[in-house]
Amino acid sequence: SQTIHQWPATLVQPVGSPLSLECTVEGTSNPNLYWYRQAAGRGLQLLFYSVGIGQISSEVPQNLSASRPQDRQFILSSKKLLLSDSGFYLCAWSVGQSTQYFGPGTRLTVL
Amino acid sequence: KQEVTQIPAALSVPEGENLVLNCSFTDSAIYNLQWFRQDPGKGLTSLLLIQSSQREQTSGRLNASLDKSSGRSTLYIAASQPGDSATYLCAAALSGGSNYKLTFGKGTLLTVNP
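Residues numbered from 1 in each chain as written. Chains lettered and ligands numbered in written order. Predicted model: local features only at pLDDT ≥ 70, side-chain atom pairs only at ≥ 80, totals over all residues. Heavy atoms only, no water.

Some words on the overall build of chain A
On a plain count of helices and strands, chain A comes out with zero helices and eleven strands. Reading the secondary structure of chain A in the N-to-C direction produces β-β-β-β-β-β-β-β-β-β-β. The C-alpha radius of gyration of chain A comes to 13 Å, within 12% of the 13 Å expected for a compact globule of 111 residues. Taken over 111 residues, chain A has a buried fraction of 49%. Taking as baseline every contact in chain A between residues at least 6 positions apart, the subset at least 24 positions apart corresponds to 54%. Entry remark: accessible area of chain A is about 5,100 Å², with carbon and sulfur atoms responsible for 54%. Taking the average place of the 7 positive charges on the side chains of chain A and the average place of its 5 negative ones, the gap between the two points comes to 8 Å. (Helix = DSSP H or I, 4+ residues; strand = E, 2+ residues; numbered from the N terminus. Rg over C-alpha atoms; globule rule 2.2 N^0.38 Å. Buried < 20%, exposed > 50% of the residue type's maximum accessible area, 1.4 Å probe, protein only. Contact = heavy atoms within 4.5 Å. Areas by Shrake-Rupley, 256 points an atom, 1.4 Å probe, with all protein chains shown as cover. Lys, Arg positive; Asp, Glu negative; His and termini not counted. Charge placed at Lys NZ, Arg CZ, Asp CG, Glu CD.)

Next comes the structure, spelled out in structure tokens:
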């Protein structure tokens, strides 16, 4: 069966510090991968998606970036965090245009 | 740009009641529509997916319908239970292929009281 992992589960970082969130998927090959952010009162916002290794599309201009170094690994990064980067970050995968399956999320607090 | 709206934002019902959650979308050219459940502090769990060519999907006590022409979907929950308490999110996929992306509503917070 397929599983999706995210770490860390929670993170508290000072403004201006770097960020690296990791997402890995097991049990499937060549999945579509997605990063979402969920902020209070704003709903779930798609940040990045990837249809293959090294192929990243950005949905929202911001100080975040994403990379896909391996088929089932998706990384969300930032060089300098802003207060507005606080939120709940969710990774998801799908096989083509089918159901998206979500990871457990990372709660990021920027102070 | 696709916009998805969910009404009501919150709903509280007694156990055993049947209920309907509403979702509307502005662009009827959707590829599919999905319903998810989110428990506090957790990720999303997929409940039902309706393809654009379908009218409804059922899973256990859940039934989701889709009316593309009116830009609406409903999630019907029969015989609600306290364990159904969660936030329910709908999401519309505007196109397939490499542009397959979901636009989410803000959700309906459901509380089922024992």
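Now, onward.
Section: the overall build of chain B
For chain B, the helix and strand inventory stands at zero helices and eleven strands. Helices and strands appear in chain B in the N-to-C order β-β-β-β-β-β-β-β-β-β-β. Taking 114 residues into account, the globule formula puts the C-alpha radius of gyration at 13 Å, and chain B, at 14 Å, falls close to it. For chain B, the spread of C-alpha atoms along the three principal axes comes to 45 × 30 × 20 Å. When the 114 residues of chain B are sorted by exposure, 41% land in the buried category. Partitioning the contacts of chain B with sequence separation of at least 6, the portion at a separation of at least 24 is 55%. Of the roughly 5,300 Å² of accessible surface on chain B, 48% is carried by carbon and sulfur atoms. Across chain B, the 9 positively charged side chains and the 8 negatively charged ones have centroids separated by 8 Å.

Details of the interface of chain B and chain A
In this complex, chain B contributes 20 residues to the contact, which on the side of chain A involves 23 residues. For the pair chain B and chain A, the two sides together bury roughly 1,600 Å², of which 55% comes from carbon and sulfur. Between the two partners, chain B and chain A, sit one salt bridge. Lys101 of chain B is the salt-bridge partner of Glu59 of chain A, the closest N and O atoms lying 3.3 Å from each other. (Buried area = accessible area lost by both parts, 1.4 Å probe. Salt bridge = Lys/Arg side-chain N within 4 Å of Asp/Glu carboxyl O.)

So, the state of the cysteines
In total, this model carries two disulfides over all chains according to the counting rule given. In this model, Cys23 of chain A is linked to Cys91 of chain A through a disulfide, with the two sulfur atoms separated by 2.0 Å. Taking the sign of the torsion about the S-S bond as the criterion, the disulfide between Cys23 of chain A and Cys91 of chain A, at about -75 degrees, is left-handed. Of this pair, Cys23 of chain A sits in strand β3 (residues 19–26) while Cys91 of chain A sits in strand β9 (residues 87–94), and the two are 68 residues apart along the sequence. Take Cys23 of chain A: its relative accessible area is 1%, and that puts it in the buried class. Cys23 of chain B shares a disulfide with Cys90 of chain B; S-S distance 2.0 Å. Negative torsions about the S-S bond denote left-handed disulfides, and the value of about 75 degrees found for Cys23 of chain B with Cys90 of chain B makes this one right-handed. Taken as a pair, Cys23 of chain B in strand β3 (residues 19–25) and Cys90 of chain B in strand β9 (residues 86–93) lie far apart in primary sequence, 67 residues in all. For the pair Cys23 of chain B and Cys90 of chain B, a shared accessibility class is recorded, and that class is buried. (Disulfide = S-S within 2.5 Å.)

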